[in-house]
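Here are the chains, one letter per residue:
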Amino acid sequence: MQLNANQGGAISLAIPTMPRATARVFGICAFAGFTAAAAQFAVRLPFTPVPITLQTLFVALAGIMLGPRDGFIAMIAYLGAGLAGAPVFAGFSFGPWTLLGPTGGYLTAFPAAALVSGAIAGRLGRSRGAVALAALAGSGVILIAGASYRALLAGVPLGGAFLMGMLPFAAGELAKAAVASCVAAR
């Protein structure tokens, strides 16, 4: 690291760039960590065991900002940490039983959602509209997988599971897509 003075007299900080592989690993670990932290911002609803969290924002951003492959890997790392015993799921929960419970369908869809979000953003670009669409598509993957799993787990009709497993989260997902569009478009 060194300080440089340019012609106008302003001082700039020259930071050496890190190798590409190091940057990739850092990004993957960072988004796995962001997702774990976001899981702890949970709002419990009285009619469902599935909390509203900020996780899906970081799942979409992982795919959009890291690309589909690295976003997918970041979410695999997140799930792997939770399966290995790190308390990274909502309410500081962990372990395989979390993935077998009511939130399992949502959680296991995170890698696919990051992949979809990243692929759409990669195809459409980083405009706010494209990023919002990519984030909503990733959220859709998570909500559909979660509601389908809940229908299977609880033995309720698919229509009822979709009503209870998607509708309560729709407004939050729209808001998170708007935030993602502001963050990633920069």
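Preceding block: the structure.
These remarks concern the structure in this document. Every chain's residues receive numbers from 1 upward, in the order its sequence appears when written. Since the coordinates come from a predicted model, pLDDT governs what is reported: local features require at least 70, and pairs of side-chain atoms require 80 or more to be given and counted, while whole-chain, interface and lining totals use all residues. Each side-chain value is worked out from all heavy atoms of the structure, with water and hydrogens disregarded.

A short note on the side chain of Thr 98
Move 1: Helical segments are the DSSP runs of H or I of at least four residues, strand segments are the runs of E of at least two, and each set is numbered from the N terminus. Structurally, Thr 98 can be placed in helix H4 (residues 96–100).
Move 2: Should any heavy atoms of two residues lie within 4.5 Å, those residues are counted as being in contact. Look past the residues within four positions of Thr 98 in its chain and what remains in contact with it is Phe 89, Ser 93, Thr 103, Gly 104 and Leu 107.

Some points on the pattern of salt bridges
Move 1: Salt bridges are counted wherever a side-chain nitrogen of Lys or Arg sits within 4 Å of a carboxyl oxygen of Asp or Glu. Across all of its chains, the model carries three salt bridges by this definition.
Move 2: In this structure, Arg 24 engages Asp 70 in a salt bridge whose closest nitrogen and oxygen atoms are separated by 2.6 Å. One end of the pair, Arg 24, is in helix H1 (residues 20–39); the other, Asp 70, is in helix H3 (residues 68–84), and 46 residues separate them in sequence.
Move 3: On the basis of relative accessibility, which here comes to 25%, the residue Arg 24 falls in the partly exposed class.
Move 4: Only protein chains enter the area calculation, which uses a 1.4 Å probe; residues under 20% of their type maximum are buried, those over 50% are exposed, and those in between are partly exposed. For Asp 70, a relative accessible area of 6% puts it in the buried group.

Topic: the packing of aromatic side chains
Move 1: Working definition: rings of Phe, Tyr and Trp (its six-membered ring) pair if their centres are within 6.5 Å, and the pair is stacked with planes under 30 degrees apart, edge-to-face with planes over 60 apart, and tilted otherwise. Summed over all chains, the structure comprises six aromatic pairs.
Move 2: Taken together, a centroid distance of 6.1 Å and an interplanar angle of 25° make the contact between Tyr 78 and Phe 110 stacked. Linking Tyr 78 in helix H3 with Phe 110 in helix H6 (residues 110–124), this pair joins segments that are 32 residues apart in sequence. For the pair Tyr 78 and Phe 110, one class covers both residues: buried.

Some points on H3
Move 1: The terminal C-alpha atoms of H3, which comprises 17 residues, lie 24 Å apart, in line with the 24 Å expected from a rise of 1.5 Å per residue.
Move 2: By the burial criterion, the buried members of H3 are Asp 70, Gly 71, Ala 74, Met 75, Tyr 78, Leu 79 and Gly 82.
Move 3: Check the buried side of H3 and you find it contacts H1, helix H2 (55–66), H4, helix H5 (104–108) and H6.
Move 4: Following H3 by one or two positions, Gly 85 has its phi on the positive side, about 115°. Multiply 1.5 Å by the residue count of a helix minus one, and that product is the helix's expected span.

Some remarks on the nonpolar core
Move 1: Ile 64 and Tyr 78 are the most contacted members of the largest nonpolar core, which totals 36 residues.
Move 2: Those elements giving two or more residues to this core turn out to be H1, H2, H3, H5, H6, helix H7 (128–154) and helix H8 (158–184).
Move 3: With six residues, the single largest contributor to this core is H2.
Move 4: Contact partners of Ile 64, with chain neighbours within four places excluded, come to Ser 117, Gly 118, Ala 121, Arg 126, Val 131, Ala 134, Ala 135 and Ala 184. Among the buried residues, those of types Ala, Val, Leu, Ile, Met, Phe, Trp, Tyr and Cys that are joined through side-chain atoms within 4.5 Å form a nonpolar core.

Examining the environment of Ala 77
Move 1: Along the chain, Ala 77 turns up in helix H3.
Move 2: For the pair Ala 77 and Cys 29, spaced 48 residues apart in the sequence, the C-alpha separation amounts to 7.6 Å.

Focus on the side chain of Asp 70
Move 1: Whenever two N or O atoms come within 3.5 Å, that pair is a polar contact, provided that in protein one can donate a hydrogen and the other can accept it, and provided that, for residues adjacent in sequence, both atoms are side-chain atoms. Side-chain polar atoms of Asp 70 contact the side chain of Arg 24, separated by 2.6 Å.
Move 2: Apart from the residues lying within four places of it in its own chain, the contact partners of Asp 70 are Arg 24 and Ile 28.

A few points about the packing of H3 against H6
Move 1: Running from N to C, H3 and H6 point in directions that differ by 160°, and their axes come no closer than 8 Å. The orientation of H3 with respect to H6, classified from their angle, is roughly antiparallel. Here H3 and H6 pass one another in a crossing that is right-handed. Of the residues in H6, those touching H3 at Pro 68, Arg 69, Gly 71, Phe 72, Met 75, Ile 76, Tyr 78 and Leu 79 are Phe 110, Pro 111, Ala 112, Ala 114, Leu 115, Gly 118 and Ala 119.
Move 2: Per-class residue counts for the contact of H3 with H6 are twelve nonpolar, two polar and one charged. Simply put, an axis is a line fit to the C-alpha atoms, just over the touching stretch for a helix, and the angle between two N-to-C directions goes from 0 to 180 degrees. Our angle categories are set so that under 35 degrees counts as roughly parallel, over 145 as roughly antiparallel, 65 to 115 as roughly perpendicular, and the remainder as oblique. Crossings are sorted by hand: turned counterclockwise from the far helix by less than a right angle, the near helix makes the crossing left-handed, and turned clockwise it makes it right-handed. Each residue receives one of three labels: charged for Asp, Glu, Lys and Arg, nonpolar for Ala, Val, Leu, Ile, Met, Phe, Trp, Tyr, Cys and Pro, and polar for the others, Gly being one of them.

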